[in-house]
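Each chain, written out:
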Amino acid sequence: MNPPHTLQSYTEMRVLRTTNIRAKPADMRLSLVCGSLHGPLHAARDQVARRGTSATELTTAYLRQLHSAETQLQCFLAVDDEYALRQAALIDSRLAQGEDVGPLAGVPIAVKDNLCTQGLQTTAGSRGLHGFVPTYDATAVARLRAAGAVVLGKTNMDEFGMGSSCENSGYQPTFNPWDTKHVPGGSSGGSAAAVAAKQCIAALGSDTGGSIRQPASFCGVVGVKPTYGRVSRNGLVAYASSLDCVGPIAQSVADAAAVLTVIAGSDLADATCSQKPVEDYTAGLLPLDNLSSKPLAFKRLALIQEACGEGVDAGVTAALAGAVRHLQELGAEVEQVSLPSFAAGLPAYYVIALSEASSNLSRYDGVRFGQRGAANELKNMYASSRHSGLGSEVARRILMGTYALSAGYYDAYYKRAQQVRTLVRREMNMALGRFDALLCPAAPTTAYRVGEKLCDPLSMYKGDLMTVNLNLAGLPAVCLPCGFSGQAAGNALPVGMQLIGRAFGEADLLKLAHIYEQTSGVVTILPSVFIESASAKHD
Amino acid sequence: MTYYSMGMQVVRCCSRAGVPGPCTRQWAVQLRSLAATGACRRASSGTCTAALRNVAAAASAAGVATDGASISSSSSSTSTQPAAKVDYEAVIGIETHVQLSTKTKAFCSCASEFGAEPNSNICPVCLGHPGTLPVLNADVVRKGVLAGLALDATICLSSKFDRKQYFYPDLPKGYQISQYDVPLCEGGWVEVVVPDSGAGTSVRRIGITRAHLEEDAGKLVHGGAASLSGSDYSLVDFNRAGVPLLEIVSEPDLRTGAEAAAYGAEMRRIMRFLGVSDGNMAEGSMRCDVNISVRPRGRAAFGTKVEIKNMNSFNAMQRAIEFEIVRQVDALEGGREGEVVQETRLWDEGRQCTYSMRKKEGLADYRYFPEPDLPELTLTEAYVQELRASMPELPRQLRERLLGLGLSQYDVLVLSDDAEVAAYFDAVLAAGAPAKPAANWVMGDVMAHCKEVRLGWEQLAARMAPAALAEMISLIEDGTISGKIGKDVLPALLAGEGGAGGGSVRALVEARGLVQISDPAALAAIVDGVLAANSKQLQAYREGKTKLQGFFVGAVMKESKGRANPKELNRILMQRLAAPPS
């Protein structure tokens with residue numbers, strides 16, 4: 001069986017096209033791809049819909065790639081081949097009967113392990129939830145399934161989303177497909193690495209303080225953090241309820257847009273989910289050949305001044321500067337904007353996130369589900385269940401959150417943090433009143449080495465500087481590759497750019513990101529994992 | 001009752017179409033060999049008896065004054081200081097948890113019925129499963145607002161929910177969703193009718209501090225012991241977890257056990273009249289926690305406050321308060337102030353005393369913070385007005401109306417105690433019966449019948465239409481039948497033979513030949529016959545044995561098979577007896 005859509009052919013095609021763009025930015029017609037949107041998701045679903053391939057063939061191909069890359073990457077906590085193939089077979093039989101299976105018919109997707117999947121173990125990366133099989137699907141997962149997607153498995157993550165490197169998983173670290181000595185970022189590191197390694201077409205992640213954007217940046221893929229309330233949190237294992245967002249990670253902006261269109265929208269099971277109608281986020285995305293030579297004319301963008309100074313790697317700064325030049329070439333006006341509260345967001349974020357987390361994680365007491373510690377006294381049973389079930393980073397965060405909410409400290413920490421949150425939100429919204437989008441790096445560095453920051457939690461927390469303000473403000477952002485750092489040294493690692501939009505302005509934001517992606521020609525090399533596996537095959 | 005042990009394995013729960021819904025599979029948790037976090041230590045039996053000795057004295061003292069109980073040191077048998085006689089008063093506040101009678105729970109779609117098979121009304125949401133979120137039940141808000149309006153409280157158009165955090169096996173999420181600093185209802189009062197030492201009553205207004213919405217916890221069932229301490233294992237039934245509660249906090253305005261009982265009864269009456277709760281204390285759908293301290297009368301500062309729980313009737317609440325007043329006064333009088341500490345005590349119904357459950361070392365830190373899973377609760381003025389307009393008559397208004405009908409205080413209290421009784425009574429009035437005889441019948445034979453055969457008043461109305469009772473009353477009033485015949489006819493009416501009134505009762509009475517003989521001529525004939533047949537007694541009467549009048553009445557009644565109109569019979573009989581022999 002040779003599915004018409006092969007990973008190699010797609011990548012080659014993309015390399016060809018981007019090379020052409022680089023050579024002749026004005027002559028974009030050369031890289032025209034039959035008018036269809038760019039990305040393996042669009043290609044795959046068109047193939048399935050045209051019956052050029054079957055969901056089963058597609059799923060089989062992806063499972064093969066998944067397992068082949070998995071030994072090096074460890075992206076998944078649970079993969080159930082039979083389970084995936086059963087879903088695929090069902091879709092094929094429905095297609096055979098002429099049914100409209102949905103916009104993601106046959107698309108193999110991975111789901112971050114903090115999203116509940118009925119009948120498939122969900123641990124949120126925690127030992128405490130080992131063996132926990134949810135009785136229901138998270139709303140985002142249920143919507144993917146209803147749209148015809150095939151869930152391949154559950155991706156690794158920092159325990160309960162608490163971490164930025166996937167090293168805080170209770171089970172295993174995940175490695176970066178670009179260089180397996182480096183972390184994939186986190187907490188949605190499993191999802192981002194799996195997408196980058198093409199173990200799946202797209203994945204769901206969650207973003208509380210950057211957990212979609214930072215790993216997308218580290219792994220050179222596209223991540224969308226939607227507006228708070230755009231995607232239902234029902235079934236998302238809560239980390240910090242007022243900040244948590246579910247969003248897609250994909251290989252292209254158009255693919256991410258297609259997934260977001262499916263999962264977004266009001267939900268009776270989530271009272272904080274917006275009632276605003278959902279747009280088709282792919283509708284405004286123009287194929288390359290339909291773009292004018294200055295597609296971003298009259299767009300006003302601003303670089304966040306505070307996000308570009310001290311503490312940001314030179315390679316990241318350079319890549320971003322290149323991106324700014326390209327945006328200007330496309331006709332956009334790019335200014336600088338100062339957000340004085342920018343740096344205050346990080347401590348406020350940690351106070352709020354950890355306070356909420358200390359409360360949200362109280363339910364892991366060993367009484368009703370998950371692991372129960374043995375003890376002959378109630379208090380000891382709680383202590384034993386929680387000590388053995390929850391990792392040290394989680395314990396640290398629960399302790400800090402509990403402290404912040406304690407009588408006598410509440411006003412100084414939680415209340416003050418909420419005031420800072422209001423300030424951050426106001427400032428960002430004011431800036432977005434003047435500009436169509438704000439931009440900054442998704443992380444101050446590229447993917448760091450495994451173990452590099454493990455013993456220095458504070459420096460890992462600092463890495464969230466670029467992303468947390470958005471969660472405080474509830475705003476949407478798209479993170480997409482904007483270049484490489486360290487290319488000259490031979491260990492090129494991707495750099496991600498963050499485009500920040502107005503609340504519920506995902507459509508505009510995705511349009512902007514799509515135009516940039518289609519014209520910048522950034523990703524031209526393969527992650528090392530393919531080179532290694534290719535050489536392994538030749539042995 | 002069947003309980004399931006979850007043990008270490010994962011138990012799957014059915015759900016429909018991927019959306020968390022009510023579980024069909026039952027499950028529970030078994031916590032084996034768990035000792036109590038707060039060990040229950042009972043008061044020594046010595047303390048218990050000592051305090052009991054004084055209960056009677058306190059109870060009598062408690063009822064005397066309406067503005068506060070007078071408990072003097074002289075009532076204490078253990079007092080050793082006869083010289084200084086300090087007059088104490090109790091300061092009492094009550095926290096009432098009212099279970100709102102919504103079809104489903106506060107934050108999920110599970111049924112909130114009482115008495116279901118353990119762990120049959122549960123779902124991932126009320127079990128606090130990972131990823132689940134609360135969604136507020138609109139009916140909870142509606143019922144909470146109705147209750148707030150009935151308590152004359154201010155309804156906060158913008159309130160919010162908070163998390164109250166603590167660990168306990170019956171609390172699924174490790175926090176309770178409650179309202180902390182911005183409750184749904186603030187301020188208010190309730191009118192309480194307190195029986196005083198005589199036959200009368202006095203009326204007091206008790207302030208309401210606040211009323212807020214929250215969710216209930218599950219229920220622990222201990223194996224091998226009454227409490228968690230000492231039990232071999234404990235089981236959790238989560239049917240009650242997430243059931244909506246309205247917690248109503250009173251001002252410390254109450255002074256006696258009798259007032260507290262009256263307050264509780266009025267609160268229950270209000271909730272029942274509104275239809276927002278069934279207020280059943282035995283089933284736990286209404287629970288009262290008492291905060292009580294004593295102080296020398298005239299002192300403004302409060303004494304040390306003790307909380308009492310575990311009373312399953314208003315009567316028990318009264319006795320618990322009376323016991324506690326004596327215990328505290330006794331301790332203070334005896335120089336044992338150390339025995340009155342800030343703590344939670346439980347009422348032991350069997351031994352009629354309170355005992356210490358846990359000492360409160362400072363204030364428990366519940367680490368309240370705003371519930372991020374629920375948006376602010378915003379109500380419109382129009383919504384509140386609409387509910388205000390839909391309010392039924394409240395007990396206080398009913399009492400005023402009934403007093404206006406000329407009924408006695410006692411009648412009013414009996415009739416207004418239960419909305420169903422009041423509704424039946426009103427229907428009897430509406431069918432034309434005068435108030436006083438209607439009250440007598442409803443409160444008398446009819447109520448006795450309902451109690452005897454355990455018949456609800458709505459069921460009663462289905463059998464004996466209020467109009468049928470009204471017609472019977474009118475037959476008595478117009479002399480068609482006597483009150484005695486009325487009592488004889490009642491069973492037939494209770495069996496439905498009175499139809500819907502409007503002539504059917506008269507037809508029944510006539511068919512049975514029970515219509516009174518009021519015709520003077522007919523009565524005179526019977527009287528004459530009786531007198532003729534008892535000439536000896538007649539002579540004796542006329543010679544001065546006037547006591548024999550009763551004998552003649554009885555004889556005439558017997559002769560008329562009870563149908564003689566008593567009034568007319570007496571008139572004719574006296575006429576004949578007085579008449580000189582012809």
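On a predicted model such as this, the values are computed, not experimentally measured, just so you know. (Residues numbered from 1 in each chain as written. Chains lettered and ligands numbered in written order. Predicted model: local features only at pLDDT ≥ 70, side-chain atom pairs only at ≥ 80, totals over all residues. Heavy atoms only, no water.)

## Things to note about the interface of chain B and chain A
Using the following cut-off: Contacts are assigned to residue pairs that have any heavy atoms within 4.5 Å of one another. By definition, the buried area sums, over both parts, the 1.4 Å-probe accessible area that each loses when the two are put together. Any Lys or Arg side-chain nitrogen located within 4 Å of an Asp or Glu carboxyl oxygen qualifies as a salt bridge. Think of a polar contact as two N or O atoms within 3.5 Å of one another; within protein, one of them needs to be a possible hydrogen donor and the other a possible acceptor, and neighboring residues in sequence only count if both atoms come from side chains.
With 48 residues of chain B in contact, the opposing surface of chain A contributes 50 residues. Summed over both partners, the interface of chain B with chain A comes to about 4100 Å²; 58% of that surface belongs to carbon and sulfur atoms. At the junction of chain B and chain A, the tally comes to one salt bridge. Linking Asp373(B) and Arg233(A) is a salt bridge whose minimum nitrogen-to-oxygen distance equals 3.0 Å. The interface formed by chain B and chain A contains 17 residue pairs in polar contact (both at pLDDT 80 or more).

## Details of the UniProt feature "domain: Asn/Gln amidotransferase" (unreviewed entry) in chain B
Note the following rule: UniProt positions are given in the numbering used here, feature names are shortened, and annotations may be inferred rather than shown by experiment. The numbering of helices and of strands both runs from the N terminus, where a helix is a DSSP run of H or I of at least 4 residues and a strand a run of E of at least 2.
Here, the residues flagged by UniProt with the feature "domain: Asn/Gln amidotransferase" (unreviewed entry) are residues 423–577 of chain B. Secondary structure within residues 423–577 of chain B divides into 72% helix and 0% strand; the distance between the first and last C-alpha atoms comes to 49 Å.

## Quick look at the nonpolar core
The condition that has to hold: Residues grouped as a nonpolar core are buried Ala, Val, Leu, Ile, Met, Phe, Trp, Tyr and Cys residues, joined through side-chain atoms within 4.5 Å. Throughout this description, buried means an accessible area under 20% of the type-specific maximum (1.4 Å probe, protein chains only), exposed means over 50%, and partly exposed covers the range between.
Counting residues in each nonpolar core, the largest one holds 163 residues, and the members touching the most others are Phe160(A), Ile263(A), Leu438(A) and Met497(A). Beyond its immediate sequence surroundings of up to four residues, Leu438(A) is in contact with Ala302(A), Ile304(A), Val337(A), Leu339(A), Met428(A), Ala431(A), Leu432(A), Gln498(A), Leu499(A) and Ile500(A). Of all hydrophobic cores here, the second largest spans 69 residues; its members include Val190(B), Phe323(B), Val329(B) and Val384(B).

## Digging into the confidence of the model for chain B
Residue and element names in this part refer to chain B. Under the convention used in this document: pLDDT is a per-residue confidence score from the predictor, ranging from 0 to 100.
Looking at chain B as a whole, the pLDDT averages 84, with 83% of positions reaching at least 70. Here residues 1–83 is a poorly scored stretch, pLDDT under 50, and it has 200 contacts once near neighbours within four places are set aside; other chains count. Reported confidence for the predicted complex is 0.91 by ipTM and 0.86 by pTM.

## Thoughts on the sheet that holds strand 6 (residues 162–165) of chain B
Selection rule: By this definition, two strands are paired if DSSP reports at least two bridges between them. Inter-axis angles, ranging from 0 to 180 degrees, are taken between N-to-C directions of lines fitted to C-alpha atoms, where helices are fitted over the stretch in contact.
Read from one edge of the open sheet, three strands run 7-6-18 (chain B), paired in antiparallel fashion. Two strands lie at the open edges of the sheet, namely strand 7 (175–178) and strand 18 (369–370) of chain B, each paired on one side alone. Packing of helix 10 (residues 345–360) of chain A onto the sheet brings it into contact with strand 6, strand 7 and strand 18 of chain B, and relative to strand 6 of chain B it is tilted by some 60°.

## What to know about the domain arrangement of chain B
Residues and elements named next belong to chain B. The condition is simple: Annotation comment: domain bounds sourced from an automatic or database domain assignment.
Its domain assignment divides chain B into domain 1 (90–370), domain 2 (393–511) and domain 3 (520–578). Relative placement of domain 1 and domain 2: their C-alpha centres are 37 Å apart. Taken residue by residue, the interface counts ten residues in domain 1 and twelve residues in domain 2. Of the roughly 1000 Å² buried where domain 1 meets domain 2, counting both sides, 63% is carbon and sulfur surface. One can count three salt bridges joining domain 1 with domain 2. Among the salt bridges present, the one from Arg399 reaches Glu266, with a minimum N-O distance of 2.9 Å.

## Quick look at the packing of helix 12 (residues 466–477) of chain B against helix 14 (residues 504–511) of chain B
Residue and element names in this part refer to chain B. The criterion, for reference: Here is the rule for angles: anything less than 35 degrees is roughly parallel, anything more than 145 is roughly antiparallel, 65 through 115 is roughly perpendicular, and the remaining ranges are oblique. The nonpolar class holds Ala, Val, Leu, Ile, Met, Phe, Trp, Tyr, Cys and Pro. Asp, Glu, Lys and Arg form the charged class, and all remaining residues, Gly among them, are polar.
It is the contact of helix 12 with helix 14, at a shortest axis distance of 8 Å, that shows an interaxial angle of 60°. With respect to their mutual orientation, helix 12 and helix 14 come out oblique. Where helix 12 abuts helix 14, its residues Ala468, Glu471, Met472 and Leu475 lie against Ser504, Val505, Arg506 and Val509. Tallied by class, the residues present in the contact of helix 12 with helix 14 amount to five nonpolar, one polar and two charged.

## Notes on the UniProt feature "active site" (unreviewed entry) in chain A
Residue and element names in this part refer to chain A. Mapped onto this numbering, the UniProt entry annotates "active site" (unreviewed entry) at Lys112, Ser187 and Ser211. Spanning 100 residues, the named residues form one tight spatial group whose C-alpha atoms are at most 10.9 Å apart. When sequence neighbours within four positions are dropped, the list of residues in contact with Ser187 reads Lys112, Asn156, Met157, Asp158, Gly161, Gly163, Ser164, Cys166 and Ser211. Mapping Ser211 onto the fold places it in the loop between strand 4 (202–207) and helix 7 (213–219). Setting aside anything within four residues of it in sequence, one finds Ser211 in contact with Lys112, Gly161, Gly163, Gly186, Ser187, Ser188 and Ser206. A polar contact of 2.9 Å, which involves the side chain of Ser211, links it to the side chain of Ser187.

## Structural notes on the pairing of strand 2 (residues 108–112) of chain A
The side chains of a regular strand alternate between both faces of the sheet. Residues and elements named next belong to chain A. Which entries qualify depends on this criterion: If the strands point away from the viewer and the path from the first strand over the helix to the second runs clockwise, then the crossover is right-handed.
Counting buried positions along strand 2 yields five of five residues, so the element is predominantly enclosed. Taking every second residue as pointing to the same face, both faces of strand 2 are buried, with Pro108, Ala110 and Lys112 on one and Ile109 and Val111 on the other. Handedness of the strand 2-helix 5 (residues 139–146)-strand 3 (residues 150–155) crossover: right-handed. Inspection of the sheet shows strand 2 paired to strand 4 by three bridges, in the parallel sense. Each bridged residue has a counterpart across the sheet, and for Val111 the counterpart in strand 4 is Leu204.

## As for helix 8 (residues 409–416) of chain B
When helix 8 of chain B is considered as a whole, its buried residues turn out to be Asp411(B), Val412(B), Val414(B), Leu415(B) and Ser416(B). Among the structural elements, helix 4 (257–274), helix 7 (395–404), helix 9 (419–430) and helix 10 (435–453) of chain B are those in contact with the buried residues of helix 8 of chain B.

## Remarks on helix 3 (residues 55–73) of chain A
Residue and element names in this part refer to chain A. Counted only if it meets this: Here, expected helix span is obtained from the residue count minus one, scaled by 1.5 Å.
With 19 residues, helix 3 extends 25 Å from end C-alpha to end C-alpha; this agrees with the ideal 27 Å at 1.5 Å per step. Those residues of helix 3 that fall on the buried side of the exposure criterion are Ala55, Leu58, Thr59, Ala61, Tyr62, Leu63, Gln65, Leu66, Ala69, Glu70 and Leu73. Positioned one or two residues after helix 3, Gln74 has a phi angle of 55°, which is positive.

## Quick notes on the pairing of strand 3 of chain A
Residues and elements named next belong to chain A. Most of strand 3 is tucked away: six of the six residues are buried. Where strand 1 (residues 76–79) lies against strand 3, three bridges are found, and the strand directions are antiparallel. Bridge pairing links Val79 to Gly153 in strand 3. As paired elements, strand 2 and strand 3 share five bridges and run parallel to each other. Paired with Pro108 across the two strands is Val150, which belongs to strand 3.

## Considering the environment of Thr261(A)
Residues and elements named next belong to chain A. By the element assignment, Thr261 lies in helix 8 (residues 253–263). With near-sequence residues (within four places) excluded, Thr261 lies in contact with Val278, Glu279, Asp280, Tyr281 and Thr282. In this structure the side chain of Thr261 is engaged in a polar contact, spanning 2.7 Å, whose partner is the backbone oxygen of Ala257.

## Here we look at the side chain of Ser169(A)
Residue and element names in this part refer to chain A. Note that Ser169 resides in the loop between strand 3 and helix 6 (189–196). Exposure remark for Ser169: the relative accessible area of 11% places this residue in the buried category. Within polar-contact distance, the side chain of Ser169 engages the backbone nitrogen of Tyr171 at 3.0 Å. If near-sequence neighbours (up to four positions away) are discounted, Ser169 is found in contact with Leu77, Gly125, Asn156, Met157, Asp158 and Glu159.

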